[in-house]
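# Architecture and fold: a report
Okay, here's what each chain looks like letter by letter:
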Amino acid sequence: MIVYIVRRLAATFIVMAVVALFVFSLLFLTPGDPAAVIAGDIATADDIKLIRAKLGLDEPFLVQFGGWVRRLLHGDLGTSIFTNLPVTKLIAQRVQPTVSLTLLTLVIAVLVAVPVGVIAAAKAGTRIDRCVMGISVLAFSVPVFVLAYLLISLFSIQLEWLPVQGYRPLSEGLWPWLSHLILPSIALGTVYMALIARITRAAMLDVLSQDYIRTANAKGLNPRAVLTRHALKNAGVPIITVIGIGVALLISGAIVTETVFAIPGIGRLTVDAILRRDYPIIQGVILLFSGIYVLVNLAVDLSYTLFDPRIRY
Amino acid sequence: MNTVVVQAARSVSPTWQRFYDALRRHPTAMVGAVVLIAMVVIAMLAPWLATSDPQALLPIQRLRQPSSEHWFGTDMLGRDVYSRVVFGARISLTVGVTVAALSIVLGLAIGLVTGFVRWLDAVVMRFMDGLMSIPSILLAIALMALTRASVGNVIIAITLAEVPRVVRLVRSLVLSLREQPYVDAAIATGTRLPLILLRHILPNTLAPLIVQGTYICASAMITEAILSFIGAGTPPNVPSWGNIMAEARSMFQLASYLIFFPGAFLSLTVLAVNMLGDGMRDALDPRLARRL
């Protein structure tokens, strides 16, 4: 087990090194002069020179990369071109809204999608099942922001149940915090829910065709107990895997959702950085998000033993 | 005698015949195909379907609600939203189809070679793992932040994010195909590697790749819209569905139709492609059809 964990950690390290190398070398690989693109159309030659110096583009590649990695390992993600503030500080200021949004979405999505998938599998082929499958295809097809605007238009503007936009920190009370996050979470979580529900259904159908389920039913166990205790637990591995893989959807969806709902999180920071072509911020956000994504999936890998004791590392 | 020959010729490829039959029997796939064809026709006939120049500014008529004159209303610069949406179909379909085709071709080339050449496999796959751990929209954002906005660059950015996933799929197919007896037979008779790849491996990877291609097409259209929506996509003067919605961001409460018309067209197109993809997947693997 320990050998496996060490090996997986080493693999994770390699993956992150590739991510870092890639994100860094993009500055060199993109055709044209990135300094000129970042400076914009009205920049003077001096402006471009200044930006090139700031990004370190006037030094040889390896010197720059070495320095960048050394600073990175010390937790320094560089300085924003536009505000001159350290990227780590800019990101730290925005962590709370994004963590609130993504965690709440994750919890809601899993609590809704897994039972829905189980019910669809238990009633496979019926109208309920077809309904679930149909809605999930629809969910895959509507972009996050279109859904977000539909929700705002219905629940905030027409019915006036929930605030249109904005964010309140948890310190201002539970309801203000929650009420500003309900619609964003539903918008962000819909694709994620569709994905989890589909995989849950498929995994359950696999398990439900096994002999031991027939035995459990034959000996007259409570059907609900058969579904949850016998079937769902054994369908756990694919479900937990897709929950981990789907975190990528949450991360990229958060950028869009925060833009629509004016939530001052990391996504909003990224979009502002795109408009100003503030590459160090984008670099930092990609490293952070990819790191989280890789770690989540590492944790998922390690959790397999909890669901299936036959898996030994 | 002649008819027998003709019939034999017709049934050269029973797999594809069966595939076509299954697809025809699949009602949702047919609906998807019909909607998709309609969208392609709209895109091709855009100059004739549009009621005015999609770029024509008419500030005096800005933010008009949908009416008989402007079917989908006008935007904040007085441009006719219906005409812009009709022209937007061209951008979305171009991006979707081009990204799908490019990433399949690139992924196929890389995957075929890495699946057969052991020492290359480890290196390439580590690199692909790294690329895949960057959420695809973020990867595209990074590229778009460093290049000038253009439809071509959007296509490159989304393709780069999709290629590793295709490589993964091709590689897994190749790894199982290379264990097949007929591949051993080809090796034993001295067939050279390029010929084995082209003649014996490639044809057997095509069916799953076509299905994967439809899903890539669908997700590329959504990614393009998202990129444009957050300002990292097609240049603002291009009437793409994402751009029309991006411009409406600040005046949503005033003119929600600016979001809903392009949004509905985009969702409908993506839905059609997804339905077609599901139908093809079911046709190719009837055993899986009941499950996913």
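Everything below is about the structure printed above this text.
This structure is a prediction, so every number in the text was calculated from the model and none was measured.

Let us look at the overall build of chain A. Scanning chain A from terminus to terminus reveals 14 helices and zero strands. Its C-alpha atoms put chain A at 80 × 55 × 40 Å along the principal axes. Expressed as a percentage of the 313 residues in chain A, the buried residues total 39%.

Moving on: the overall build of chain B. Of the regular secondary structure elements, chain B holds 13 helices and zero strands. When the helices and strands of chain B are listed from N to C terminus, the series reads α-α-α-α-α-α-α-α-α-α-α-α-α. Within chain B, the fraction of its 292 residues that count as buried is 48%. Residue pairs in contact within chain B that sit at least 24 positions apart in sequence constitute 71% of those at least 6 positions apart.

It is worth spelling out the packing of helix 1 (residues 2-29) of chain A against helix 14 (residues 279-307) of chain A at this point. Residue and element names in this part refer to chain A. Two numbers describe how helix 1 lies on helix 14: the axes approach to 10 Å, and their chain directions differ by 160°. Comparing the axis directions of helix 1 and helix 14 gives the class roughly antiparallel. When the axes of helix 1 and helix 14 are compared, the crossing they make is right-handed. Counting all contacts with helix 1, which are made through Ile 5, Arg 8, Thr 12, Val 15, Met 16, Val 19, Ala 20, Val 23 and Leu 27, the residues of helix 14 involved are Tyr 279, Gln 283, Ile 286, Leu 287, Ser 290, Gly 291, Val 294, Leu 298, Asp 301 and Leu 302. Residue classes in the contact of helix 1 with helix 14 are distributed as 13 nonpolar, four polar and two charged.

Mapped onto the elements, Ala186(B) comes out in helix 9 (residues 181-188). When near neighbours in sequence (up to four residues on either side) are disregarded, Ala186(B) contacts Thr191(B), Ile196(B) and His200(B).

Across the contact, 39 residues belong to chain B and 44 residues belong to chain A. At the level of elements, helix 6 (118-132), helix 7 (136-146), helix 10 (193-229) and helix 12 (257-284) of chain B are the ones that each hand at least two residues to the side of chain B that touches chain A. When residues in the side of chain B that touches chain A are grouped by element, the largest group, nine residues, is from helix 12 of chain B. Split into classes, the residues belonging to the side of chain B that touches chain A amount to 25 nonpolar, nine polar and five charged.

Let's shift gears to the nonpolar core. Counting residues in each nonpolar core, the largest one holds 171 residues, and the members touching the most others are Ile196(A), Ile282(A), Ala140(B), Ile141(B) and Ala142(B). Those residues in contact with Ile141(B), other than ones at most four positions away along the chain, are Thr270(A), Ile274(A), Ile282(A) and Ala232(B).

This next bit is on unusual backbone geometry. Residue and element names in this part refer to chain A. We note that Asn 84 has phi near 65°; this positive angle belongs to a residue other than glycine. Following the sequence through the fold, Asn 84 ends up in the loop between helix 4 (61-73) and helix 5 (87-122). Residue classification places Asn 84 among the exposed residues on the basis of 8 C-beta atoms within 10 Å. Backbone geometry places Arg 277, a non-glycine residue, at a positive phi of 55°. Looking at where Arg 277 falls in the secondary structure, it is placed in the loop between helix 13 (266-275) and helix 14. When the 21 C-beta atoms within 10 Å are taken as the criterion, Arg 277 is described as buried.

About the thresholds
Residues numbered from 1 in each chain as written. Chains lettered and ligands numbered in written order. Predicted model: local features only at pLDDT ≥ 70, side-chain atom pairs only at ≥ 80, totals over all residues. Helix = DSSP H or I, 4+ residues; strand = E, 2+ residues; numbered from the N terminus. Buried ≥ 20, exposed ≤ 12 C-beta atoms within 10 Å, placed from the backbone. Contact = placed C-beta atoms within 7 Å. Axes fitted to C-alpha atoms, helices over the stretch in contact; angles between N-to-C directions. Parallel < 35°, antiparallel > 145°, perpendicular 65-115°, else oblique. Left-handed = near helix turned anticlockwise from the far one by under 90°. Nonpolar A, V, L, I, M, F, W, Y, C, P; charged D, E, K, R; others polar. Core = buried A, V, L, I, M, F, W, Y, C linked by C-beta atoms within 7 Å.

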